[in-house]
Amino acid sequence: MAKAQKLVQWEPNDVKDKLLAKYPPKVARKRAKQIMINEALENTTPTIEANVRTIPGIITMRGCTYAGCKGVIMGPTSDIVNLVHGPIGCSFYAWLTRRNQTDAINDSNANFITYAMSTDMQDSDIIFGGEKKLAAAIQEAYDLFHPKAIAIFATCPVGLIGDDIHAVAKRMKEQFGDCNVFAFSCEGYKGVSQSAGHHIANNQVFTHVVGKSETEKTDKYKINLLGEYNIGGDGFEIDRILEKCGIKNISTFSGNATYDKFASANQADLSCVMCHRSINYVADMLETKYGIPWIKVNFIGAEATAKSLRKIAQYFGEKELIDRVEAVIAEEMPAVKAAQAEVYPRTNGKTAMLFVGGSRAHHYQELFNEMGMKTLSAGYEFGHRDDYEGRHVIPTLKVDADSRNIEEIEVEPDPVLYKPRKSAEEIAALVKDGLEFKDYEGLNPAMEKGTLIIDDLNQYEAEKLVELMKPDLFCAGIKEKFSIQKLGVPMKQLHSYDSGGPYAGFQGAVNFYREIDRLVNSKVWSYMKAPWQENPELSATYVWE
Ligand code: SF4
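**Remarks on the packing of helix α13 (residues 302-316) against helix α20 (residues 505-520)**
Across the interface, α13 lies against α20 with an axial gap of 8 Å and an inter-helix angle of 170 degrees. As summarised for this structure, α13 and α20 are arranged roughly antiparallel, according to the angle between their axes. In this structure, α13 uses A302, T305, A306 and L309 to contact α20, whose residues at the interface are G505, F506, A509 and Y513. Taken together, the residues of the contact of α13 with α20 sort by class into 6 nonpolar, 2 polar and no charged.

Listed below in structure tokens is the structure:
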């Protein structure tokens, strides 16, 4: 059967106009500011509006603050009991739905990730308050599991009825003596998206856990890997590579994290930031309080992985490590290159769209570039302007009324533990040699001129974009997956990886090439129309003719 010919005829301004055409004027005006035609002028791209309130009724892809706090940052931890204070829905829907993998055995030999723990609030708790029930649930969790820590998460009603979860946590912590209990005021209505939950989680983990470890980490090249959540085993693959290089990742925020790993983060000599959006607050606070510099890394894409390893080696600056990193890259690359060469003729020239959370819409372009695939359009659910335009815009960002209630904590250098890892001269020399500290250039400069960058894409716009620009692949999440596939376009989930992965590191790149090749070149897409719809032909004749 002949495949329908693709007619890709679009012009970015025209696409933008068509996306906005059906909206009422006020909505069109708002959305116009969140749809940007990229100028690709290296950090001088026009501004995009981001991290603003979602338009009611627009079918956003966004989630809530609780999802960003419990689901993203704290959920992946294995030996902390994560207890949700609220009606059952919030806990149930977050039960193992993010594919954060954990080791069965860790430093405290406890792993609670398979549980969904909730206070299961009822009408009477809303009316009379839920503090007593919360205290009883904490006690029960302590009696059953004897964990090192219990984390409590507020959901929507908790803030409204005035339950003081922090007071309950403090009281229970004092009562137990050997279990750290702390709480997160991450009610779903705070902020405008998951992003506020990241910030709340960063603040509380930093305040209540970091610096509390009693075990000294004595490895030579110690780093923190911040903003890596071990989806589909990504973190395992990164750790495999780091270990091969002789680099010790002492604390991941928070893929396969344990209480002790969080608590030891102050002992690292360098923080490496993967997902800038979710964890840049902790990176900054670790630097201010303990003197640990941070650099941006990306382990998505084989070339990006090699580049990130070289940056780490450059920071430590010792020949032994630099040589080892080069040897590992040389050893790992042939298999990657072989897989790339195999798929390239079938993937080269294909087009993709990426609408994912707050970092992957950028990171995954590395893998697509390696396959010769071009990104036509990308955007974040909850990125801020610095994730699009680069951190240089941070001083110009204004906190609007919707995000003003998210606490900014003041951090001072620790009187005992502050220790600058490098002198000002050493940092200056590294900067001169091209290593950038505390910097992230954002998504926009990585994309070509004329591409469309869209913040908080909604269901209508997703379908319209596909109709207008006809990409060969669309990447987003579970809510978009099936509606896009019904339009005849392959859809790859870049949150859950469609049960695949890992995609990070060298072996991850090989997995990704193969899966994308299989997906975009599957014959199934040529069967979307019935034969008589593709080739209508009149074959019947009437007897009297
Ligand atoms: S919006 Fe509120 S009710 Fe919904 S999941 Fe988030 S915290 Fe729970």
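**Details of the site of the ligand**
In the region of the ligand, the neighbouring residues are C64, Y66, C90, T155, C156 and G188. Residue composition of the shell around the ligand, by class: 4 nonpolar, 2 polar and no charged.

**Examining the pairing of strand β7 (residues 248-254)**
The element β7 is largely enclosed, with a buried count of 6 among its 7 residues. With 6 bridges joining them, strand β6 (residues 222-228) and β7 adopt parallel strand pairing. Bridge assignment links L225 to a residue of β7, and that residue is T252. The β-α-β motif built from β6, the intervening helix α10 (residues 234-245) and the parallel element β7 has right-handed crossover chirality.

**Some remarks on the environment of K311**
The topology assignment puts K311 in helix α13. Looking at K311, the relative accessible area reads 24%, which means it is partly exposed. When the C-alpha positions of K311 and I238 are compared, they lie 15 Å apart, and in sequence the two are 73 residues distant. If we skip the residues at most four places from it in the chain, K311 touches I295, K296 and L435.

**Quick look at the pattern of salt bridges**
For the structure shown, the criterion picks out 33 salt bridges. E448 is the partner of K374 in a salt bridge, and the nearest nitrogen-oxygen pair spans 3.2 Å. Of this pair, K374 sits in strand β11 (residues 374-379) while E448 sits in the loop between α17 (424-432) and β12 (452-454); the two residues are 74 residues apart in sequence, bridging distant segments of the chain. According to the relative accessible area criterion, K374 is partly exposed, its value standing at 35%. It is possible to trace a salt-bridge network through shared partners that takes in E237, R240, K244, E331 and E332.

**Description of the domain arrangement of the protein chain**
Often, the extent of an interface is quoted as the loss of accessible area on bringing the components together. As far as domains go, the protein chain holds domain 1 (65-188) and domain 2 (221-349 + 392-432). On a C-alpha basis, the centres of domain 1 and domain 2 stand 28 Å from each other. Facing 20 residues of domain 1, the contacting portion of domain 2 comprises 17 residues. On the domain 1 side of the interface with domain 2, the three residues burying the most area are I73, Q101 and D107, jointly 32% of the side's total. Taken together, the links from domain 1 to domain 2 amount to 0 salt bridges. Linking domain 1 with domain 2 are 8 residue pairs in polar contact (both at pLDDT 80 or more), by the criterion used here. Counting residues per element, the ones that place at least two in the side of domain 1 that touches domain 2 are α3 (65-74) and β5 (180-184). Counting residues per element, the side of domain 1 that touches domain 2 draws most heavily on α3, which supplies 3 residues.

**Re the nonpolar core**
Soluble globular proteins: nonpolar side chains tend toward being buried together. Counting 109 residues, the largest nonpolar core has M74, F184, I312, Y364 and F368 as its most contacted members. Both domains that meet at this core, namely domain 1 (65-188) and domain 2 (221-349 + 392-432), each give it at least three residues. Setting aside anything within four residues of it in sequence, one finds F184 in contact with C69, M74, A151, I152, F153, A154, I165, H166, I200, A201, Q204 and V205. Counting 27 residues, the second largest nonpolar core, distinct from the first, contains L19, M353, L376 and M491.

**A word on unusual backbone geometry**
Residue S254 is bonded to the preceding F253 through a cis peptide linkage, with omega at 0 degrees. Following the sequence through the fold, S254 ends up in strand β7. Residue P502 is reached from G501 by a cis peptide bond, and omega for that bond is -5 degrees. One can find P502 in the loop between β14 (491-493) and α20. Even without being a glycine, K438 presents a positive backbone phi close to 50 degrees. Looking at the element boundaries, K438 is found in the loop between α17 and β12. In this structure K438 comes out as partly exposed when scored by relative accessible area, which is 38%.

**So, the pairing of β5**
Burial of β5 is extensive: 5 of the 5 residues sit out of reach of the surface. Side-chain alternation along β5 places N180, F182 and F184 on one buried face and V181 and A183 on a second face that is also buried. Sheet topology note: the strand β4 (residues 149-154)/β5 ladder contains 5 bridges and is parallel. By the bridge assignment, I150 is partnered in β5 with V181.

**Some words on the confidence of the model for the protein chain**
Mean pLDDT for the protein chain: 95, with 96% of residues reaching 70 or above. Low pLDDT, under 50, characterises residues 1-7; the predicted model gives this stretch 11 contacts beyond four residues in sequence or across chains.

**Some details on α20**
The end-to-end C-alpha distance of α20, which contains 16 residues, comes to 22 Å, matching closely the 22 Å that a straight helix rising 1.5 Å per residue would cover. Among the residues of α20, those classed as buried are G505, F506, G508, A509, V510, F512, Y513, E515, I516, D517, L519 and V520. As for α20, its buried residues are in contact with α10, α13, α14 (319-347), α15 (360-370), β13 (473-476) and β14.

**Here's the deal with the sheet that holds strand β3 (residues 117-118)**
Read from one edge of the open sheet, 4 strands run β3-β2-β4-β5, paired in parallel fashion. Bordering the open sheet on either side are β3 and β5, each of which pairs with just one other strand. Direction of pairing for strand β2 (residues 80-85) relative to β3: parallel, over a ladder of 2 bridges. When the sheet's bridge partners are listed, L83 is paired in β3 with M117. Most of the contacts of α3 go to β4, to which it runs at about 155 degrees, and overall it touches β2, β4 and β5.

**Here we look at a nonpolar patch on the surface**
Residues I88, F92, Y93, W95 and L96 make up a contiguous nonpolar surface patch of roughly 590 Å² in combined accessible area. Tracing the chain through its elements places F92 in helix α4 (residues 88-93).

**Regarding the packing of aromatic side chains**
Throughout the structure, instances matching the rule amount to 20 aromatic pairs. On the numbers, 3.8 Å between centres and 5 degrees between planes, the contact of Y142 with F176 is stacked. One end of the pair, Y142, is in helix α6 (residues 131-145); the other, F176, is in helix α8 (residues 165-176), with 34 residues separating them in the sequence. For the residue pair Y142 and F176, the accessibility class agrees, reading buried in each case. Here the aromatic cluster, defined as three or more aromatic residues joined through ring pairs, consists of Y364, F368, Y497, Y503 and F512. The ring of Y229 has R98 lying over it, and the distance from NZ or CZ to the ring centre is 5.8 Å. For the cation-ring pair, K422 lies above Y315, with the distance from its terminal atom to the ring centre recorded as 4.7 Å.

Conventions we followed
- Residues numbered from 1 in each chain as written.
- Predicted model: local features only at pLDDT ≥ 70, side-chain atom pairs only at ≥ 80, totals over all residues.
- Heavy atoms only, no water.
- Axes fitted to C-alpha atoms, helices over the stretch in contact; angles between N-to-C directions.
- Helix = DSSP H or I, 4+ residues; strand = E, 2+ residues; numbered from the N terminus.
- Parallel < 35°, antiparallel > 145°, perpendicular 65-115°, else oblique.
- Contact = heavy atoms within 4.5 Å.
- Nonpolar A, V, L, I, M, F, W, Y, C, P; charged D, E, K, R; others polar.
- Near = heavy atom within 4 Å.
- Buried < 20%, exposed > 50% of the residue type's maximum accessible area, 1.4 Å probe, protein only.
- Pairing = 2+ DSSP bridges.
- Right-handed = clockwise from strand over helix to strand, strands pointing away.
- Salt bridge = Lys/Arg side-chain N within 4 Å of Asp/Glu carboxyl O.
- Domains from an automatic or database assignment.
- Buried area = accessible area lost by both parts, 1.4 Å probe.
- Polar contact = N/O pair within 3.5 Å; in protein donor to acceptor, adjacent residues only side chain to side chain.
- Core = buried A, V, L, I, M, F, W, Y, C linked by side-chain atoms within 4.5 Å.
- pLDDT = per-residue confidence, 0-100.
- Expected span 1.5 Å × (residues − 1).
- Patch = residues over 30% accessible without salt bridge, like charges linked within 9 Å, V, L, I, M, F, W, Y side chains within 5 Å.
- Areas by Shrake-Rupley, 256 points an atom, 1.4 Å probe, with all protein chains shown as cover.
- Phe/Tyr/Trp six-rings, centres within 6.5 Å; stacked < 30°, edge-to-face > 60°.
- Lys NZ or Arg CZ within 6 Å of the ring centre and 35° of its normal.

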